[in-house]
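# Inside the fold
Next come the chains, spelled out residue by residue.
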Amino acid sequence: VYEKAAEKADNVFAAGYLLKAGISCSLGEHLMGLGETCLLICDRHPSDAFIDRMVAGILDGGDISSVEIMRIERPRCSKARARELAESIAATGAGLVVAFGAAKILDLARATLRCLQPERPSLALVTSVVASNASVGSLAVMYGDDGLPNGFWKLDCPPELVAVDPLLVLEAPPHLLAC
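Below or above, wherever it landed, is the structure these notes cover. (Residues numbered from 1 in each chain as written. Predicted model: local features only at pLDDT ≥ 70, side-chain atom pairs only at ≥ 80, totals over all residues. Heavy atoms only, no water.)

A word on the sheet that holds strand β2 (residues 37–42). What the 6 strands build is an open sheet, ordered β1-β8-β5-β4-β2-β3; its pairing is parallel. The outermost strands of the open sheet, each flanked by one partner alone, are β1 (16–19) and β3 (66–71). This sheet shows a mean twist of 15° between the axes of neighbouring strands, independent of strand direction. In this sheet, strand β8 (residues 161–164) lies alongside strand β5 (residues 122–127) in parallel orientation, the contact comprising 4 bridges. Bridge pairing in β8 links A124 to L161. Relative to β5, helix α4 (residues 103–115) is tilted by about 175°, and along the sheet it contacts β2, β4 (96–101) and β5. (Pairing = 2+ DSSP bridges. Helix = DSSP H or I, 4+ residues; strand = E, 2+ residues; numbered from the N terminus. Axes fitted to C-alpha atoms, helices over the stretch in contact; angles between N-to-C directions. Contact = heavy atoms within 4.5 Å.)

If you want it as structure tokens, here you go:
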């Protein structure tokens, strides 16, 4: 299945790509014009203190008036999960979705916004893994009910912004980085 995916893969690059230490807590100015209300989605790993710093950074220096936080347990990407999350995002009325985390949450966010096309909110991805292709690749890894990867979904909705913060790797709990 991975060889077949390589045949389909195209990179779909974001309109903006930032690589800067500390960018995850100073996003506001880079999100100008992407939406007045923001939904920040992440998994269970970031601490509340870190999320508070990130929200402050989204609100500071930009035109975003509010940020709602949605934590997603076990963010495995599937079409059913993406459709379910799409309904939740649509209900918030957010003009901008900021997805924070590693490959699984980024794939789920991109697949979810694919379900909201053509009237989807803007998307910014803040990746915690510098080497992850999930922020710019056109393929999302799909998971089955058993939690194992079972295929790929080609997505045609690139994010408006990708931000990579190398400090996040330094702050990550060691068990998340173990091989």
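Moving on from the model shown.
Under the defined criterion, the tally for this structure stands at 4 salt bridges. The residue R44 makes a salt bridge to E73 at a minimum N-O spacing of 3.9 Å. Of this pair, R44 sits in the loop between β2 and α2 (48–59) while E73 sits in the loop between β3 and α3 (79–92), and the two are 29 residues apart along the sequence. For E73, a relative accessible area of 46% puts it in the partly exposed group. Between D107 and R110 there is a salt bridge, and its shortest N-O distance comes to 3.0 Å. Of this pair, D107 and R110 both sit in helix α4, separated by 3 residues, roughly a single helical turn. D107 gets classed as buried once you look at its relative accessible area, which sits at 5%. The exposure class of R110 is buried, given its relative accessible area of 3%. (Salt bridge = Lys/Arg side-chain N within 4 Å of Asp/Glu carboxyl O. Buried < 20%, exposed > 50% of the residue type's maximum accessible area, 1.4 Å probe, protein only.)

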